[in-house]
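# Per-entry structural report
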Amino acid sequence: MSTVTTQRLRARRRNWYRIVGDGVLYVVLSLIALGFIAPFVILASSALKPLSQDLFGFPPDLIPRPPSMDSFREAFRAVPLLKYMGNSIIYAVTIVPLSALVCLLAGYAFGALRFRGRNIFFIMVLGTMFLPAEVMLIPRYLVASDLGITNGYLGVILPSLLSAFGCLIMRQAFAGVPTELREAARIDGANEWQIFSRVMVPAVRPSLAIVMIFGFVNVWNSFLWPLVVLNDESKYPIALGIAYLAGIGSSDERSLAAGSVASIIPIVIVFLILQRQIMDGMKGAVKG
Amino acid sequence: MSVATSTRRGPAGPDVSTAQPRKRAKLREFHWFVPYLFLVPVMMLFVVFFAWPAVLALQLAFYDYSIVNPTVFVWWDNFVHMVNDPRLRRAALNSLVYLIGLLPLTVVVPLLLAVLLNQKLRAIGIFRFMYYLPVVTSMVAVAVAWRYVFHDLGILNWALTSIGIVDQPIQFLLDQRTSIWAIILVEGWKSMGSYMLIYLAGLQAISADLYESAKIDGAGPIQRLRHITVPLMVPFILVTLTLEMQDATQIFTSVYVLTAGGPADSTLSLGYYIWSLAFEQFQMGYASAISLVLWIVLILMAVGNYAVSRSKRFATS
């Protein structure tokens, strides 16, 4: 009788430890989260504050009284942000699928086929990942100007099509597909293209989704190459447009904040919807 | 029928097909050139946007090349000029500061974050989401957001003055003593989430039994971290180290938006210097020479890192 009660007491105490421990953990996690969220909150609050309210001050006052869209209106008036977002969408709908196709084809060859020189080709493609952007900046700009594609949509699109990261992920994905699948299709009389498009590609759809999601994030946030290759502001992607807004004298801190918030919203929505795929995909890429 | 058998000319070695040779032999094999067809797009892009530029870069480094002036072959002048360029020396030193300053923020802190997030708790996904959010937003927007944090009357100065660490608000981005640390903070803050995710992948591969048996043996949480987590994380630490080197040498956008290399070159990174030489001052030949040297340095660093990881692996296995 007494041993039962002490056992129960002990169990209850262990439960208490657990609850307190979890509570402490939640507090720590929340404090860290605050550090990651605070700059965004400050940005959003600066964007929403009415003109009559100070942006800065001790102690900080983050609540807009009342929230106002004036700064957003001013940002969209100062620079054609909608045009920039449209440009980013043009870049995204061309670069993301085309680059995914390149990665699919290459990943299939590297991951599922056997041929002479496979490793050399693969190392060449992978090597591009370890080349810092600034090293290739000048010569690639000269190549683009030789090709006559600077200052146009093509100049941004074409050099962005090769994604070593995407090729790597697709290679891992295709290598993971059982060879029996291909052999069965071949016995059924499928040719190599049919095997690829009807059997193998459907089998790697999750990895393809990851490549396309990351492709979209990269395109939406691309900055350095468009900055170099474009002279004409009308073709700027959104991130470059925001930097342009930050650089021109006519913009004030409020409209800059509003423009930045507007530029973040689409990517945050994508991230909210696809966060599981994004994070699991990233982890999978590391393991592979 | 020579075509049908030619695929078997492929790399000889431990072939899986020996297990079932008869079944294999019956299959209609594809033409030998089919794999290469799949590689045509990727190799075309490689040649046009990597190989060709690489050759150009090599050539350009020996020329005095600018868009406005005629091109002159200058032998080693660009490289000699590098030795006597105080701004280059400053940029290289700064890049070293970036490389070392970012280490704790990208290699150490994310490991602790990953350990915290690897607990079985309700709603842990929300925290993961928030820690990762800066990774998916653009560096431009992130840098703009931090402008408000670093403002004279911004939240950071308010916090520091009210705790009493400083008496007067600091102009973080305009003060030569703080500007580079401000950039490091922004860069580290933005990329922490992706490093954390790398560690999280590694942590989830560690068997829970290890921790259980350590607990039974009386090891506390810190001992478990020190003797189980960290040793098993060594391969992942090497991965983050390699990525950190890449990130640190590529710092550009944050500098462009926040300081433009200033004040007095205190935040000038190699990437920003190369860009500014080539596209603001049109000294493309000289900038190419710097790129080339940087490239060689980075290759050497990558090889060194690889060698270390190889030797470590031999030591543990």
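In case you missed it, the structure is sitting above this.
Residues numbered from 1 in each chain as written. Chains lettered and ligands numbered in written order. Predicted model: local features only at pLDDT ≥ 70, side-chain atom pairs only at ≥ 80, totals over all residues. Heavy atoms only, no water.

### Some remarks on the overall build of chain A
Here is the rule we go by: Going along the chain from the N terminus, every DSSP run of H or I of four or more residues is numbered as a helix, and every run of E of two or more is numbered as a strand. In this description the radius of gyration comes from C-alpha coordinates, and the expected globular size is given by 2.2 Å times residues to the power 0.38. Partly exposed describes any residue whose relative accessible area lies between the buried limit of under 20% and the exposed limit of over 50%, with all areas from a 1.4 Å probe on protein chains only and scaled to the type maximum. Residue contacts are counted whenever heavy atoms from the two residues lie within 4.5 Å of one another. Surface accessibility in these figures is a Shrake-Rupley result with a 1.4 Å probe; residues are shielded only by whichever protein chains are displayed. Lys and Arg are tallied as positive, Asp and Glu as negative. Neither His nor the chain termini are counted. Every charge is mapped to an atom, namely NZ of Lys, CZ of Arg, CG of Asp or CD of Glu.
The number of helices and strands found in chain A is 13 helices and 0 strands. Taking 19 Å as the expected radius of gyration for a compact globule of 288 residues, we find that chain A reaches 26 Å, considerably beyond that expectation. Its C-alpha atoms give chain A principal-axis dimensions of roughly 80 × 70 × 35 Å. Across the 288 residues of chain A, 49% fall into the buried class. Considering only contacts in chain A between residues 6 or more positions apart, those separated by 24 or more positions represent 72%. Put simply, chain A shows about 13500 Å² of open surface, and 63% of that area lies on carbon and sulfur atoms. If you average the places of the 25 positive and of the 16 negative side-chain charges in chain A, the two averages end up 15 Å apart.

### Description of unusual backbone geometry
Here the amide bond leading from Arg65 of chain A into Pro66 of chain A is cis, since omega sits at -15 degrees, within 30 degrees of zero. Within the element layout of this structure, Pro66 of chain A appears in the loop between helix H1 (2–48) and helix H2 (70–78). With phi around 60 degrees, Ala123 of chain B is a residue other than glycine that occupies positive phi space. Mapped onto the secondary structure, Ala123 of chain B falls in the loop between helix H5 (86–117) and helix H6 (124–136). Not every positive phi belongs to a glycine, and Asp265 of chain B is a case in point at roughly 60 degrees. Residue Asp265 of chain B is classed as buried on the basis of its relative accessible area, which comes to 18%.

### A few points about the packing of H6 of chain B against helix H9 (residues 179–203) of chain B
All names here are of chain B. The test is simple: Every axis corresponds to a line fitted to the C-alpha atoms, with the helix fit spanning only the stretch in contact, and the corresponding angles, defined between N-to-C directions, vary from 0 to 180 degrees. Should an angle lie under 35 degrees it is considered roughly parallel, over 145 roughly antiparallel, and from 65 to 115 roughly perpendicular; all remaining angles are considered oblique. Throughout, a crossing is termed right-handed when the near helix is turned clockwise from the far one, and left-handed when it is turned anticlockwise from it by less than a right angle. In the scheme used here, Gly and all other residues not listed as nonpolar or charged are polar, with Ala, Val, Leu, Ile, Met, Phe, Trp, Tyr, Cys and Pro taken as nonpolar and Asp, Glu, Lys and Arg as charged.
At a minimum axis distance of 6 Å, the contact between H6 and H9 shows a crossing angle of 125 degrees. By the angle between their axes, H6 is oblique relative to H9. Every pair of crossing elements has a handedness; the one defined by H6 and H9 is left-handed. When H6 is examined against H9, the residues Arg128, Tyr131, Tyr132, Pro134 and Val135 are found in contact with a partner set consisting of Trp189, Lys190, Gly193, Ser194, Met196, Leu197 and Leu200. Looking at the contact of H6 with H9, its residues break down into 8 nonpolar, 2 polar and 2 charged.

### Remarks on the layout of surface pockets
Rule in force here: The rule is simple: put a 1 Å grid over the protein atoms alone, call a set of points where a 1.4 Å probe fits but cannot get out a cavity, call an open set with protein on both sides within 12 Å along at least five of seven lines a pocket, and count a residue as lining if it has an atom within 4 Å of a point. Grid points are joined across faces, edges and corners, and a volume is the space filled by probe spheres set on the points. Segment limits for the domains were obtained from an automatic or database-derived domain assignment.
When its volume is computed, the second largest pocket comes out at roughly 1400 Å³. Lining the second largest pocket are 33 residues, with Val115, Asn118, Gln119, Lys120 and Arg224 of chain B positioned closest to its centre. The greatest single-element share of the lining of the second largest pocket, amounting to 6 residues, is contributed by H1 of chain A. Split by domain, the residues of the lining of the second largest pocket number at least three in each of domain 1 (2–68) and domain 2 (72–287) of chain A.

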